[in-house]
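# Close look at the chain arrangement
Now for the letters of each chain:
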Amino acid sequence: MSLSSILLALALQVGPNPTGGAIQGDELVRDRPPRAEVQTEAEPAEQPDPVSAWLAGCLGTLEEDPARAHAMAQIRRSETTGADRVLANHCLGTASAALELWDDARTAFTAAREETPAGEPRARARFAALAGAAALGGGDAEGALGLLTLAESDAREAKAPLLEAIAASDRARALVTLGRGEEALAALENSTALAPDRAEGWLLKATLLRRLERLPEAQTAIERAATLAATNPEIALEAGVIAVLAGRDDAARKSWQSVIALAPDSRVAVTAKDYLAQIGDAGETAPASETAPEVPPS
């Protein structure tokens, strides 16, 4: 069984998402066919081989005890070679990220990519993207750029547009951190072209366009994001920011009130309440230049 097949099989299993909770915003298991295309009720589930069974067990342990999964993966990595070692690094990187040991995560995912055969570009893209995300988590935007560029190249070779789009989005994040806004926008243009139905790409694009003071284009992008994910509170929060900067305070209020209704106990709801307090009640609205909230970097 190839590494790509093992990762795909794990993604289709009922139970913990192999990368869930490891790196915020990670969507690397989404580039897969629907379950019905892989297995029907008349077809019994194929039993995993020992290698993929070990990885499933390590990732299952991660849900309950990431420190124990981290130790398990370290031991496994020291005792194995080949595909076994690659998947040990996969679990080690995921556990390290869950523990916010970003340098360890980056090292493990990079090793997994380097030890994956060249004939497995999808798996190599996945690991490079995870390594880049870990570099971003650790605050190394410059280091993340190289890894994410590598992930995009591997994903193109694998003809995996969603993986390429995700890597491009994260590369844009790194470029924004480095103050290279126009380059970041180009990366997001590519990301949304590759995955036009992925709401996160449009949200990132809207946020960057707003920061570049291109409000009409930001409005178009946030409307697209809202069409794709109408109940995402982060999209509603950004929609309100764009609206208030354009002088549409009533629209901003409605957007921020929807954030509170959608996710009342969330971080974004706290931010929405602060913004609402800044612009006041409808009868107290000041000009947009005075009421525009100070938006923290995302």
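Residues numbered from 1 in each chain as written. Predicted model: local features only at pLDDT ≥ 70, side-chain atom pairs only at ≥ 80, totals over all residues. Heavy atoms only, no water.

## Regarding helix α11 (residues 199-211)
Along its 13 residues, α11 runs 19 Å from first to last C-alpha, staying within 8% of the 18 Å computed at 1.5 Å per residue. With respect to burial, α11 is a largely interior element, twelve of its 13 residues being buried. Among the residues of α11, Ala-199, Glu-200, Gly-201, Trp-202, Leu-203, Leu-204, Lys-205, Ala-206, Thr-207, Leu-208, Leu-209 and Arg-210 are the ones counted as buried. Residues of α11 that are buried sit in contact with α9 (161-177), α10 (181-194), α12 (215-228) and α13 (233-245). (Helix = DSSP H or I, 4+ residues; strand = E, 2+ residues; numbered from the N terminus. Expected span 1.5 Å × (residues − 1). Buried < 20%, exposed > 50% of the residue type's maximum accessible area, 1.4 Å probe, protein only. Contact = heavy atoms within 4.5 Å.)

## Considering the state of the cysteines
Tallying each qualifying case throughout the model produces one disulfide. One disulfide in the model links Cys-58 with Cys-91; its S-S distance is 2.1 Å. In this structure, the disulfide formed by Cys-58 and Cys-91 twists by about -90 degrees around the S-S bond and is classed as left-handed. With a gap of 33 residues between them, Cys-58 in helix α3 (residues 50-64) and Cys-91 in helix α5 (residues 82-98) connect regions that are remote in the sequence. (Disulfide = S-S within 2.5 Å.)

## Things to note about the packing of aromatic side chains
In this description, an aromatic ring pair is defined by two values, namely the gap between the centres and the angle between the planes. Overall, the coordinates contain one aromatic pair when judged by the stated rule. Taking the centre distance of 5.0 Å and the plane angle of 55 degrees together, the rings of Trp-256 and Tyr-275 count as tilted. Pair noted here: Trp-256 is in helix α14 (residues 249-262) and Tyr-275 is in helix α15 (residues 267-279), with a separation of 19 residues, a long-range link. (Phe/Tyr/Trp six-rings, centres within 6.5 Å; stacked < 30°, edge-to-face > 60°.)

## What about the confidence of the model for the protein chain?
Counting all residues, the mean pLDDT for the protein chain is 82, and 77% of those residues have values of 70 or more. Contacts of residues 5-44 to residues separated by more than four positions or lying in other chains number 73 contacts, the stretch itself having pLDDT below 50. Contacts for the low-pLDDT stretch residues 283-298, under 50 throughout, to residues beyond four places or in other chains number 27 contacts. (pLDDT = per-residue confidence, 0-100.)

## Remarks on the packing of α13 against α14
Interaxial distance between α13 and α14 falls to 8 Å at its minimum, and their mutual angle equals 165 degrees. Here α13 is positioned roughly antiparallel relative to α14, judged by the angle of their axes. Taken as a pair, α13 and α14 cross one another with a handedness that is left-handed. Along the contact surface, α13 presents Pro-233, Ala-236, Leu-237, Ala-239, Gly-240, Val-241, Ala-243 and Val-244, while α14 presents Asp-249, Ala-251, Ala-252, Ser-255, Trp-256, Ser-258, Val-259 and Leu-262. Residues that form the contact of α13 with α14 fall into these classes: twelve nonpolar, three polar and one charged. (Axes fitted to C-alpha atoms, helices over the stretch in contact; angles between N-to-C directions. Parallel < 35°, antiparallel > 145°, perpendicular 65-115°, else oblique. Left-handed = near helix turned anticlockwise from the far one by under 90°. Nonpolar A, V, L, I, M, F, W, Y, C, P; charged D, E, K, R; others polar.)

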